[in-house]
Amino acid sequence: MDFFWLSVAGLCTIAVLSFLYNDNPLYKAAEHFFVGIAAGYVVCTEYYNVFRPNLWDPLTRNGDLWLLIPLALGLALFSRFSQSWGWISRWPLSVIIGTYAGLAVIGFASGDLVLQVQASLIPVFEPAKVTELTRDPGVLTFLDVLTNPLFTLGLISVLFYFFFSIEHKGSLKHIAVSGTTLLMIGFGAGYGYTVMTRIALLFDRFYFIFVEWLKVA
Amino acid sequence: MAMTTMQRLDKLDRRWVFLAMAVAVAAPLFFKLGLAPKTTPPVQAFYDYIERLPAGSKVLCSFDYDPGSKAELNPMCVSVLRHLLAKGHRPVVITLWSTAPAMVESNTNEICRDEFGKQYGTDYVYLGLKEGREAVMVAMGKSIRSTFPHDFYGTPVDKLPLMEGVENYSSFECLINVSAGYPGTKEYVQYVTTRFDIPLLSGSSAVSVPEYSAYYQSGQIKGLLTGITGAAEYETLIQAPGLATTSMDGQTMGHFVIIAFIVFGNVVFFMSRRRKGRG
């Protein structure tokens, strides 16, 4: 039985990968198979993990009548299907947006803005790193000394690139171009990481096919 | 009119690129290269932090990923549990992703019960899924018991010895989050670490690394496992090589093929442009 289900998964993997050769009925079948299963899975998961334990069970077993409010708000979302009553759905949406906006502002201010700005205000030269360089001269210790100056210059030039109140010309243009260059390097590194993720996924599929399913490797 | 070699190369069918990539990534399964990654500072910091925890520490593990990111994050999840148990710590496992519960349960029981012979409820606990994302993170800061009144199997948390005395984040030595995106490390940093003062260790898919590196540099994250390479480094550190270590050969070969095709594409492009200029 295990081999049967492994084979189903293996054949689905091959069907999906077959799209790389060309669009074909096998791929279409696997795509529809996946969409159907995913939709069914999400409905079941939400029902058993969200609706039942958070709303239905406390309401019916414990008589927690306060939960009638979220129930009403939840049902009101379905009014969007009606043209004449659709406006009611704005009420629960306003609650959702208001709650998450409040949470996001607090989170962003305390987690991102303040602490990231604080962490960016570093000394340009750290005497300890210079001491380390004189004690143990080498490429790594030399680069370590350069870390803070490069970080500070990078921060200033990238911030300047987004400062549009002054025209970027003359010597200021060089600062903005440096900022753009650093941004491009950052995007390149980000893209490299994305490629790494995709290769990891591909390797995992091959591992599944050749090692776990066919057991030939 | 017959096409020249350069014209053929200029119009090379992209399926040859796919085939080359497939062969390069799959070949190491049959011919192992045994490439071992060097440990990077964020991974070392992750490892050291767990090493320094007092034995028997309660650690909250939030494993938030889906089958699509299983390739990268499952090895991390497994290694984190192995490391915690090897050091005698007691993990309390949760998930905030609705697509994760079955995978996380399987990992938790396989490692804790089957591999280490630990007792459920005493040495480890799996509280399962709670929907609500940031709201759940904040709610756990007030009361984990009311946020997760039952474990994954429906047992009230009051009947689990490990949960005795557990109220909120302050009951744990640290929080470990292995996440594929939202909700995950970014949200834990924004809503939990500063507000509830709990150290956070993170394992993330490589896509998220540029964003999370800033949190590591600022000290908001105490250690960071960076994608599959981070997982492989961590496996090496805990001396338990697994799928991440195996996949490093495929990664390396895949990167070689990409670099080769980038060089090849540029050479063909510039040569054909020069030919057109002459023509």
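Because the structure is predicted, anything quoted here is derived from the model rather than measured.

Rules behind the numbers
Residues numbered from 1 in each chain as written. Chains lettered and ligands numbered in written order. Predicted model: local features only at pLDDT ≥ 70, side-chain atom pairs only at ≥ 80, totals over all residues. Helix = DSSP H or I, 4+ residues; strand = E, 2+ residues; numbered from the N terminus. Buried ≥ 20, exposed ≤ 12 C-beta atoms within 10 Å, placed from the backbone. Contact = placed C-beta atoms within 7 Å. Nonpolar A, V, L, I, M, F, W, Y, C, P; charged D, E, K, R; others polar. Core = buried A, V, L, I, M, F, W, Y, C linked by C-beta atoms within 7 Å. Domains from an automatic or database assignment. Axes fitted to C-alpha atoms, helices over the stretch in contact; angles between N-to-C directions. Parallel < 35°, antiparallel > 145°, perpendicular 65-115°, else oblique. Left-handed = near helix turned anticlockwise from the far one by under 90°. pLDDT = per-residue confidence, 0-100. Pairing = 2+ DSSP bridges. Bend = angle between axes of the 7 residues up to and from the residue.

A. Local environment of the overall build of chain A. If you tally the helices and strands in chain A, you get seven helices and zero strands. When the helices and strands of chain A are placed in sequence order, the string is α-α-α-α-α-α-α. The principal-axis extent of the C-alpha atoms belonging to chain A is close to 70 × 55 × 40 Å. The 217 residues of chain A split such that 8% are buried. Across chain A, the fraction of contacts at a sequence separation of at least 24, relative to all contacts at a separation of at least 6, is 25%.

B. Expanded view of the environment of Gly-56 of chain B. Residue and element names in this part refer to chain B. With respect to the element layout, Gly-56 can be found in the loop between helix H3 (41–52) and strand S1 (58–64). Looking at Gly-56, the number of C-beta atoms within 10 Å reads 11, which means it is exposed. Considered as a pair, Gly-56 and Glu-173 are 117 residues apart in the sequence and their alpha carbons are 9.9 Å apart. Among all residues touching Gly-56, those that are not within four sequence positions of it are Gly-88, His-89 and Arg-90.

C. Quick look at the interface of chain A and chain B. Tallying the contact residues gives 35 residues for chain A and 36 residues for chain B. Only helix H2 (25–61), helix H4 (90–120) and helix H7 (171–213) of chain A provide two or more residues apiece to the side of chain A that touches chain B. Among the elements that make up the side of chain A that touches chain B, the one with the highest residue count is H7 of chain A (18 residues). Across the side of chain A that touches chain B, the residue classes tally to 22 nonpolar, 10 polar and three charged.

D. View of the nonpolar core. Ranked by size, the top nonpolar core spans 81 residues in total, and within it Val-93 and Leu-175 of chain B carry the most contacts. No other element matches H7 of chain A, which puts nine residues into this core. Both domains that furnish three or more residues to this core are identified here as domain 1 (5–31 + 249–278) and domain 2 (41–241) of chain B. Each residue touching Leu-175 of chain B, except ones within four places of it in the same chain, is listed here: Leu-60, Ser-62, Tyr-169, Tyr-188, Val-192, Ile-198 and Leu-200 of chain B.

E. Spotlight on the packing of helix H10 (residues 227–237) of chain B against helix H11 (residues 243–278) of chain B. Residues and elements named next belong to chain B. At a minimum axis separation of 8 Å, H10 and H11 run at an interaxial angle of 135°. Taken together, H10 and H11 sit at an angle that is classed as oblique. Considering how the two elements wind past one another, H10 and H11 form a crossing that is left-handed. Contact residues: Ile-228, Ala-231, Ala-232, Glu-235 and Thr-236 in H10; Ala-244, Thr-245, Ser-247, Met-248 and Gln-251 in H11. Within the contact of H10 with H11, the residues separate by chemical class into five nonpolar, four polar and one charged.

F. Here's a closer look at the confidence of the model for chain A. When the pLDDT values of chain A are averaged, the result is 92; 100% of them are 70 or greater. Looking across chain A, the model is least confident in H4 of chain A, with a mean pLDDT of 89, and most confident in helix H3 (residues 68–77) of chain A, with 95.

G. Spatial organisation of the pairing of strand S5 (residues 200–204) of chain B. Residues and elements named next belong to chain B. With respect to burial, S5 is a largely interior element, five of its five residues being buried. Here S5 shows no split at all, with Leu-200, Ser-202 and Ser-204 on one side and Leu-201 and Gly-203 on the other all buried. Where strand S4 (residues 174–179) and S5 come together, five bridges link them in parallel fashion. Looking at the pairing, Ile-176 lines up with Leu-201 of S5. Bridge count between S5 and strand S6 (residues 223–226): four bridges; the pairing is parallel. The residue bridging Ser-204 from the neighbouring strand is Thr-226, located in S6.

H. Region of interest: H2 of chain A. For H2 of chain A, the principal kink sits at Arg-52 of chain A and spans about 60°; a proline, Pro-53 of chain A, occurs within the next four residues. Just downstream of H2 of chain A, Gly-63 of chain A is the residue with a positive phi angle, here 65°.

I. Examining the environment of Tyr-212 of chain B more closely. Residues and elements named next belong to chain B. Assignment of secondary structure puts Tyr-212 in helix H9 (residues 209–217). As a C-alpha pair, Tyr-212 and Lys-186 span 26 residues in sequence and 7.3 Å in three-dimensional space. For Tyr-212, the contacting residues outside a window of four places in its chain are Thr-185, Ser-202, Ser-204, Ile-221 and Leu-224.

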